[in-house]
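Analysis of the macromolecular model
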Amino acid sequence: MLMQINIEKTTQPKKRPTEKELANIAFGTTFTDHMLLIDYKEGHGWNNARIVPYGPLPLYPATTCLHYGQLIFEGLKAYKTRDGGIVMFRPDQNMARMNNSGERMCIPRIDVLEAVEAIAKLVEVEEEWVPSLPATSLYIRPFIISTDTFLGVHPSSSYLFIVILCPVGAYYKEGLAPVRIYVENEYARTVKGGTGFAKCAGNYAASLKSQVEAENEGYAQVLWLDGAERRYIEEVGSMNVFFVIDGKVVTPELNGSILPGITRKSVIEVVKSWNMPVTERRITIDELAQAYKDGKVSEAFGSGTAAVISPIGELKWQDTVMRFNGGKIGEVSQRLYDEITGIQTCTREDKFGWVYKIK
Ligand SMILES: *Cc1c(COP(=O)(O)O)cnc(C)c1O
């Protein structure tokens, strides 16, 4: 059930960065020649899908998303395979999650399959932009904004689904480098009943102050505890978090305030396939600090689309500084990185059926 997509090609294609230039371009600063737009109007559903030259959006100043933040987004990647093919990683999961985020933010559902096919079409139009060196990819950013133009606080009756694309270089320039993190004690990202599980713009606005303070102190990100009691571990920056405690992989269970990462889900499924124990449960910061003191925590890492696996070298909580695996990447982290990136780029067998072939 492919939706009809009009394609208007640019008459002024940009100069594409070379693979070498790409290595030095900051994430998310270079965009391809085209974007995908789909309108929504109450009573008409999603309609008028079109691929047009990348450019500014005409929006009235009263457009509701600019005032009340009815805005959700996604992030996924396309990869070039060794044989010149192009694939995406679990795009159906992203679109299903977008609908869950939308449900919370009163944004209408979009058909998962149709949305995935439309994104695949855009990537196909931009196939020359998909980089091919190891660990490079084409980052895909779908998002939905509310487009009614009135200042009343009410769900919009019209929306715009937009997809833009950025070629990105290797996240790690020289191997998986562990990062320093501190536990955020002052600010909360979200609370139960809030929008933590939704990938919405407001969650990010709420996290910026904390991120800035962490960077000023020489840390890469913060580890969020639950907003009410400040006891339970939730996530790290914009990644989910895992620990290896006593040889078992542990991650906080999804509780409504944690973002259900697709990389998180994939990590759990891969670890299970290795017949290694993995549990999703509540875990307090005290428990982690105690396990650390007892010498039981061998690894800590974040998971997310951008970095896939991001080892945590150091975690500071009040006066406790935890250093994992001598500040080096752990065995489980490395193995997971190799397996998941291998599946993503089709250099390892796709046992789980996660790869969506565009061509
Ligand atoms: C997107 C996101 C993640 C990671 O999700 P992936 O699907 O693995 O990329 C984790 N936490 C937050 C807050 C996020 O926005």
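Look above for the structure.
Heads up: these notes are all about the structure in this document. (Residues numbered from 1 in each chain as written. Predicted model: local features only at pLDDT ≥ 70, side-chain atom pairs only at ≥ 80, totals over all residues. Heavy atoms only, no water.)

In terms of regular secondary structure, the protein chain is built from 8 helices and 18 strands. Taking 2.2 N^0.38 as the reference for a compact globule, 359 residues should give roughly 21 Å; the C-alpha atoms of the protein chain span a radius of gyration of 21 Å, in line with that estimate. Residue burial in the protein chain is summarised as follows: out of 359 residues, 52% are buried. Taking all contacts inside the protein chain whose residues are at least 6 apart in sequence as the whole, residues at least 24 apart take part in 71%. When the accessible area of the protein chain is evaluated, it comes to approximately 16600 Å², of which 51% is carbon and sulfur surface. The average position of the 40 basic charges and that of the 43 acidic charges among the side chains of the protein chain differ by 2 Å. (Helix = DSSP H or I, 4+ residues; strand = E, 2+ residues; numbered from the N terminus. Rg over C-alpha atoms; globule rule 2.2 N^0.38 Å. Buried < 20%, exposed > 50% of the residue type's maximum accessible area, 1.4 Å probe, protein only. Contact = heavy atoms within 4.5 Å. Areas by Shrake-Rupley, 256 points an atom, 1.4 Å probe, with all protein chains shown as cover. Lys, Arg positive; Asp, Glu negative; His and termini not counted. Charge placed at Lys NZ, Arg CZ, Asp CG, Glu CD.)

The subject of this paragraph is the packing of aromatic side chains. Tallying each qualifying case throughout the model produces 11 aromatic pairs. Note on Phe31 and Tyr54: the rings are 5.2 Å apart at their centroids and 5° apart in plane angle, and the pair reads as stacked. Of the two residues, Phe31 is situated in the loop between helix H1 (19-22) and strand E2 (34-41) and Tyr54 in the loop between strand E3 (45-53) and helix H2 (65-68); the sequence distance between them amounts to 23 residues. What makes Tyr54 partly exposed here is its relative accessible area of 32%. Judged by centre distance (5.1 Å) and plane angle (80°), the rings of Tyr182 and Tyr219 are edge-to-face. Of this pair, Tyr182 sits in strand E9 (residues 179-183) while Tyr219 sits in the loop between helix H5 (201-216) and strand E10 (221-225), and the two are 37 residues apart along the sequence. An identical accessibility class is assigned to Tyr182 and Tyr219; each is buried. Ring pairs connect the aromatic residues Tyr40, Trp46, Tyr159 and Phe161, which therefore count as one cluster. A cation over an aromatic ring shows up here: Arg180 above the ring of Tyr219, its NZ or CZ 4.3 Å from the ring centre. (Phe/Tyr/Trp six-rings, centres within 6.5 Å; stacked < 30°, edge-to-face > 60°. Lys NZ or Arg CZ within 6 Å of the ring centre and 35° of its normal.)

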